[in-house]
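Letter by letter, the chains look like this.
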Amino acid sequence: MNVRTRFAPSPTGYLHLGGLRTALYTFLFAKQNGGQFILRIEDTDQEREVEGAVELIYQSLRQAGLTYDEGPDVGGDYGPYIQTQRRELYLPYAMELVKSGAAYPCFCTKEELQARRDAATEKGEQWKYDKHCLNIPKEEALARMAKGESYVIRQNIPLTGVASFEDALYGHVEAPCDTLDDNVLIKADGLPTYNFANVIDDHMMGITHVMRGTEYLSSTPKYNLLYEAFGWQAPIYIHLSPVMKDASRKLSKRYGDPSFEDLLAQGYVRDAVINFIALLGWSPGDEREFFTLDELIQAFDLKGLSKAPAIFNTEKLVWFNHEYISRMPFEDYLAMVTPWLDQVLAGKQMDYRRLAELLHTRTEVFNRVPDMVSFLAQLPEYDNAIYTHKKMKTDADISLKALKLSRPVLAAMEDFSEDAVKEALMNLAVQNEMKTGQIMWPVRIAISGLQSTPGGTTEIAYLLGKEETLRRMDFGIQKLERSITNAGTSNV
RNA sequence: GGCUCCAUGGUCAAGCGGUUAAGACGUCGCCCUCUCAAGGCGAAAUCAGGGGUCCGAUUCCCCUUGGAGCUACCA
């Protein structure tokens, strides 16, 4: 069988992570089977359409590496791939159903329906379309349509029996017909609803496997009724559980949950996001967890799909991102980190290459880089308390001593390289019978103002350069002297 | 409310009648170390509850509970 799958988003905004995952799985399945992956735009709800959203979808899929074989902007033999451009295709099919009795025109206005719905709700009853217009003789109905009266076409769901389908993941799913509503197939504006368009288009486009979210699970039995009415073979269905933000909330645009684009902008790398997303709701069955897109195509298997919703866990994404960043070639890293360094270091004289070396394995997400290096641009305000460190065996007095000893040594150096600085400070410790840390820690605090920094004392000293290093040490010495003096007087 | 679906640690999850119930993230120790990170070693932590079926249930069935989806001229 030539497998054909499709990703069919509505252009209502950016592509969110759940949508991206659906697209990914759909793509993987098609590619694994040597089939086609198709993009179709479902824009039949004109009111919800967001301008520019279609382009955003193209862009996201491209950035994600999910290239589609057919679609609005790449063409194909089954076009058009935008539903509004197919609008005239649907009515004839609907009329075919009207003819056979599987559907019927309805002239009830929205207001009338609302009134009846409200009345039912008031009585505490559940409302479902009452088949009011099914009673209109077909000739009369056709005549009213021809006259130009506004109408919709509804699916005629049987009053009894059950509708069902087989899902590749969920198995047999069925629903009693009497709980199903006579859905609108063709709206008053002539456009089809999703309920109808998905069936017509999937059939016309030769889609063999439909992968989509579980929000369609309970309405798919109805779609199968349509396939049966047409005498068409229904595709194989694979419904996908949703991606959740937490236990009870789906990831959604509405609450500002990040889109794929947002994540990239924040400094997550593409492959890490894809890798992470792939494993959210799918397991390869073995212990591998790093996959390229090609490896995913090989490894993907419907059997590994999870039926339960998966919670989007940022910590794991961060971990993946860190791993991907650490593993990327240094030159690539340097190129990627440079704009983030520029945010706080632009204009400074700074060895970006050396700084990037220090940052490379410490970068979890690029947007955290500016905060990590801003101390190089400007010495942060700090409390003398951080000079005291139990493991380093330092306190204010020792720190002051260390700074005073180090200052002239560093000042006298011509070669201010890391190695030279390191050797000088280590020797100083030995000569004064101090622990290495008793020199290193105070100096690093003085020149960084931070308890933890990317790189140690010598790297920071080198990056700052001799002049700035000495200036910060002088400041540190004064700061320490002041507080020690104050402490002394107040104790007397 | 009705209908549909789901349920293994905090999170992602393996498991598919007999296991010491994998692994990963995270958390917590220890080691390494001029800080942090990385790295090494180790630890705590899961079968929602109750009934069945069976020699034997995490695994099969039912109920309860919890969660999600649908219930639009939205998708």
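In this text, all values refer to a predicted model and were calculated from it rather than measured experimentally.

Parameters at a glance
- Residues numbered from 1 in each chain as written.
- Chains lettered and ligands numbered in written order.
- Predicted model: local features only at pLDDT ≥ 70, side-chain atom pairs only at ≥ 80, totals over all residues.
- Heavy atoms only, no water.
- Helix = DSSP H or I, 4+ residues; strand = E, 2+ residues; numbered from the N terminus.
- Rg over C-alpha atoms; globule rule 2.2 N^0.38 Å.
- Buried < 20%, exposed > 50% of the residue type's maximum accessible area, 1.4 Å probe, protein only.
- Areas by Shrake-Rupley, 256 points an atom, 1.4 Å probe, with all protein chains shown as cover.
- Pairing = 2+ DSSP bridges.
- Core = buried A, V, L, I, M, F, W, Y, C linked by side-chain atoms within 4.5 Å.
- Contact = heavy atoms within 4.5 Å.
- Near = heavy atom within 4 Å.
- Polar contact = N/O pair within 3.5 Å; in protein donor to acceptor, adjacent residues only side chain to side chain.
- Nonpolar A, V, L, I, M, F, W, Y, C, P; charged D, E, K, R; others polar.
- Expected span 1.5 Å × (residues − 1).
- Axes fitted to C-alpha atoms, helices over the stretch in contact; angles between N-to-C directions.
- Disulfide = S-S within 2.5 Å.
- Phe/Tyr/Trp six-rings, centres within 6.5 Å; stacked < 30°, edge-to-face > 60°.
- Lys NZ or Arg CZ within 6 Å of the ring centre and 35° of its normal.
- Arc of directions from axis to C-beta.
- Salt bridge = Lys/Arg side-chain N within 4 Å of Asp/Glu carboxyl O.

(A) The arrangement of the overall build of chain A in detail. Of the regular secondary structure elements, chain A holds 19 helices and twelve strands. At 33 Å, chain A has a C-alpha radius of gyration far larger than the 23 Å of a compact globule built from 492 residues. Taken along the three principal axes of its C-alpha coordinates, chain A extends 105 × 55 × 40 Å. The 492 residues of chain A split such that 49% are buried. Accessible surface for chain A amounts to roughly 23500 Å². Of this, 50% is attributable to carbon and sulfur atoms.

(B) Geometry of the sheet that holds strand β11 (residues 249-250). If you walk across this open sheet you meet the three strands as β11-β10-β12, and the pairing is mixed. Of all strands in the sheet, those bounded by a partner on one side alone are β11 and β12 (310-311). Pairing of strand β10 (residues 243-246) with β11, which is carried by two bridges, proceeds in the antiparallel orientation. Paired with D246 across the two strands is R249, which belongs to β11.

(C) Geometry of the nonpolar core. Membership of the largest hydrophobic core comes to 105 residues, with the highest contact counts inside it found for F312 and L376. Broken down by element, the residue count for this core peaks at nine residues, all from helix α1 (residues 17-32). If sequence neighbours within four positions are ignored, F312 has contacts with L17, V243, M244, K245, L251, L263, F276, I277, L280 and L317. Core analysis: the next-biggest nonpolar cluster, separate from the first, contains 40 residues, I38, L113, I186 and Y223 among them.

(D) How the structure looks around the protein's contact with RNA strand B. Taken together, 65 residues are adjacent to RNA strand B, and T44, K187, G281, R362 and Q451 come closest. In RNA strand B, the atoms that sit within 4 Å of the protein are 72% sugar and phosphate, with bases accounting for the remainder. Here T457 contributes a side-chain N or O atom positioned 2.9 Å from a base oxygen of RNA strand B. Broken down by secondary-structure element, the contributors of at least two residues to the surface near RNA strand B are α4 (110-122), β4 (152-155), β6 (171-176), β12, α11 (314-327), α17 (436-448) and α18 (457-464). Classifying every residue of the surface near RNA strand B by side-chain character gives 23 nonpolar, 24 polar and 18 charged.

(E) Geometry of the pairing of β4. Residue alternation in β4 divides its side chains into two sets, V152 and R154 and I153 and Q155, and both sets are buried. For strand β3 (residues 103-106) and β4, the ladder comprises four bridges, and the chain directions are antiparallel. Looking at β4, one finds that Y104 is bridged to R154. Inspection of the sheet shows β4 paired to strand β7 (residues 184-186) by two bridges, in the antiparallel sense.

(F) Representation of α4 in the model. Taking 1.5 Å as the rise per residue, α4 with 13 residues should run 18 Å; its terminal C-alpha atoms sit 18 Å apart, in good agreement. The first or second residue beyond α4 is G124, which carries a positive phi of 75 degrees.

(G) View of the sheet that holds β4. Here three strands make up an open sheet; going across it, the order is β3-β4-β7 and the pairing antiparallel. Each having just a single partner strand, β3 and β7 make up the two edges of the open sheet. Mean inter-strand twist for the sheet, computed between neighbouring axes without regard to direction, equals 40 degrees.

(H) Spatial organisation of the state of the cysteines. As enumerated under the stated definition, the model contains zero disulfides in all. Sulfur of C177: no disulfide; nearest cysteine sulfur belongs to C106 and is 19 Å away.

(I) Spotlight on the packing of aromatic side chains. Enumeration over the complete set of coordinates arrives at 21 aromatic pairs. Taken together, F276, F290, F312, W319, F320 and Y324 form an aromatic cluster joined through their ring pairs. Above the plane of the ring of F107 lies R144, whose end atom (NZ or CZ) is 4.1 Å from the centre. Across the ring face of Y129, the terminal group of R154 is positioned such that the distance to the ring centre comes to 3.8 Å.

(J) Representation of α11. Over its 14 residues, α11 runs 20 Å from end to end, which matches the ideal 20 Å to within 8%, given 1.5 Å per residue. Turning to α11, its buried residues number three or more, namely L317, V318, F320, N321, Y324 and I325. One side of α11 holds all its buried residues, which, seen down the axis, span an arc of 160 degrees. Facing away from the buried side of α11 by over 90 degrees, the exposed positions are E315 and R327. Each element contacted by the buried residues of α11 is listed here: α8 (260-266), α9 (270-278), α12 (330-345) and α13 (352-360).

(K) Highlighting the side chain of H239. Relative to the elements of secondary structure, H239 occurs in strand β9 (residues 236-240). Residue H239 is classed as buried on the basis of its relative accessible area of 0%. Engagement of the side chain of H239 in a polar contact is seen with the side chain of D167, the distance being 2.6 Å. A distance of 3.2 Å separates a polar atom in the side chain of H239 from a polar atom in the side chain of T220. Filtering out sequence-adjacent residues up to four positions away, H239 remains in contact with F165, D167, L169, Y170, R212, G213, T214, Y216, L217 and T220.

(L) Summary view of the pattern of salt bridges. Scanning all chains against the criterion turns up 28 salt bridges. Linking E70 and R4 is a salt bridge whose minimum nitrogen-to-oxygen distance equals 2.8 Å. On the criterion of sequence distance, the pair formed by E70 in the loop between α2 (53-64) and α3 (87-100) and R4 in strand β1 (residues 4-7) is long-range, its members being 66 residues apart. Residue E70 shares its accessibility class with R4, and that shared class is buried. In this structure, the salt-bridge partner of E459 is R354, at a minimum N-O distance of 4.0 Å.

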